[in-house]
Amino acid sequence: MTRVLILCTHNSARSQMAEALTRAAAQRAGLDLDVYSAGTEATRVKYDAQTVMAEIGLSLDRHTSKTLWDVPDPQNFDYVITVCDSAAEACPVYPGKTHRLHYPFTDPSGGSLDRWRSVRDQLRDQFEAFVQALKDGEPVPPSYEDSPAVPGA
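What counts as what
Residues numbered from 1 in each chain as written. Predicted model: local features only at pLDDT ≥ 70, side-chain atom pairs only at ≥ 80, totals over all residues. Heavy atoms only, no water. Helix = DSSP H or I, 4+ residues; strand = E, 2+ residues; numbered from the N terminus. Buried < 20%, exposed > 50% of the residue type's maximum accessible area, 1.4 Å probe, protein only. Areas by Shrake-Rupley, 256 points an atom, 1.4 Å probe, with all protein chains shown as cover. Pairing = 2+ DSSP bridges. Axes fitted to C-alpha atoms, helices over the stretch in contact; angles between N-to-C directions. Contact = heavy atoms within 4.5 Å. Polar contact = N/O pair within 3.5 Å; in protein donor to acceptor, adjacent residues only side chain to side chain. Parallel < 35°, antiparallel > 145°, perpendicular 65-115°, else oblique. Left-handed = near helix turned anticlockwise from the far one by under 90°. Arc of directions from axis to C-beta.

Trainee: When you look at the overall build of the chain in this model, what are you seeing that I'm missing?
Mentor: When helices and strands are counted, the chain shows four helices and four strands. The helix and strand sequence of the chain, counted from the amino end, reads β-α-β-α-β-α-β-α. Evaluated residue by residue, the chain yields a buried proportion of 49% over its 153 residues. In the structure as shown, the chain presents an accessible area of about 7300 Å², 48% of it carried by carbon and sulfur atoms.

Have a look at this one:
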């Protein structure tokens, strides 16, 4: 089974949404992925993240903010994807088999629900493209900018 870890700073918004979106995309694609999210620091899952995910039928109610060391077998992932620049800088070194990717997204914290929805939709497009590439046996987009799901790319 392919293991995926999505990292952000606080594991409170972007990484939590990306985890749920990746799981849902994998399930729709019939792809067996083991997906986790974590942060360089643990805080709490933000209410606005829960709200905008519920709008598309995905619940974050059982999600908790956690650090890398709180996930099972934290040094054994096939893909480690950072979704913010500070997490990319703080990300530990992984064994050679691990593919590191950086898909940076704007932090929606403090913004309107429309801003949260926009980030959610960008995450959905990116991680659906990631899952589709895995399913098709194609190379995954190496960065957010290189994803075919990004408008204008």
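Trainee: Whenever I open this one, the sheet that holds strand S3 (residues 79-82) confuses me. Can you help?
Mentor: Paired through backbone hydrogen bonds, the strands of a sheet run either parallel or antiparallel to each other. With respect to topology, four strands assemble into an open sheet ordered S2-S1-S3-S4, the strand pairing being parallel. Where the open sheet ends on each side, the last strands, each with one partner, are strand S2 (33-39) and strand S4 (99-102). Shown here is a sheet whose adjacent strand axes are inclined to one another by a mean of 20 degrees, direction ignored. Two strands pair when backbone bridges link them, and S3 and S4 are joined in this way by four bridges, in the parallel orientation. For Thr-82, the partnering residue across the bridge sits in S4 and is His-102.

Trainee: How should the environment of Glu-55 be read in this particular structure?
Mentor: Its location among the elements puts Glu-55 in the loop between helix H2 (47-54) and S3. With 62 residues separating them along the chain, Glu-55 and Arg-117 place their C-alpha atoms 9.2 Å apart. Leave out the neighbours within four places in its chain, and Glu-55 touches Arg-117 and Arg-120. In terms of polar contacts, Glu-55 uses its side chain to reach the side chain of Arg-117, at 2.8 Å.

Trainee: For this particular structure, what's the right way to read the packing of helix H1 (residues 14-29) against H2?
Mentor: Relative orientation and spacing of two packed helices are given, respectively, by the angle between their axes and the distance between those axes. Two numbers describe how H1 lies on H2: the axes approach to 10 Å, and their chain directions differ by 25 degrees. By the angle class used here, H1 and H2 are roughly parallel. The handedness of the crossing between H1 and H2 is right-handed. Packed against H1, whose contacting residues are Met-17, Ala-20 and Leu-21, the element H2 presents Ala-49, Val-52 and Met-53 at the interface.

Trainee: Would you take a moment to explain unusual backbone geometry for this structure?
Mentor: Negative phi characterises most residues that are not glycine, and trans characterises most peptide bonds. Of note in the backbone geometry, Asn-11 takes a positive phi value of approximately 50 degrees without being a glycine. Within the secondary structure, Asn-11 is located in the loop between strand S1 (2-8) and H1. In the Ramachandran plot, Asp-73 falls in the positive-phi region, its phi being about 50 degrees despite a non-glycine side chain. For Asp-73, the position within the fold is in the loop between H2 and S3. Here Asp-73 falls in the partly exposed class, since its relative accessible area comes to 45%.

Trainee: What is the right way to look at the side chain of Thr-22 in this model?
Mentor: By the element assignment, Thr-22 lies in helix H1. Given a relative accessible area of 0%, Thr-22 falls into the buried group. Leaving out residues up to four positions away in the same chain, Thr-22 has contacts with Ile-6, Leu-33, Val-35, Phe-127 and Val-131.

Trainee: When you look at H2 in this model, what are you seeing that I'm missing?
Mentor: The periodicity of an α-helix, 3.6 residues per turn, causes residues three or four places apart in sequence to face the same way. Among the residues of H2, those classed as buried are Ala-49, Val-52 and Met-53. Around the axis of H2, the buried residues are gathered within 100 degrees of arc, so they sit on the same side. Facing away from the buried side of H2 by over 90 degrees, the exposed positions are Tyr-47 and Ala-54. If you follow the buried residues of H2, they end up packed against H1 and helix H4 (113-136).

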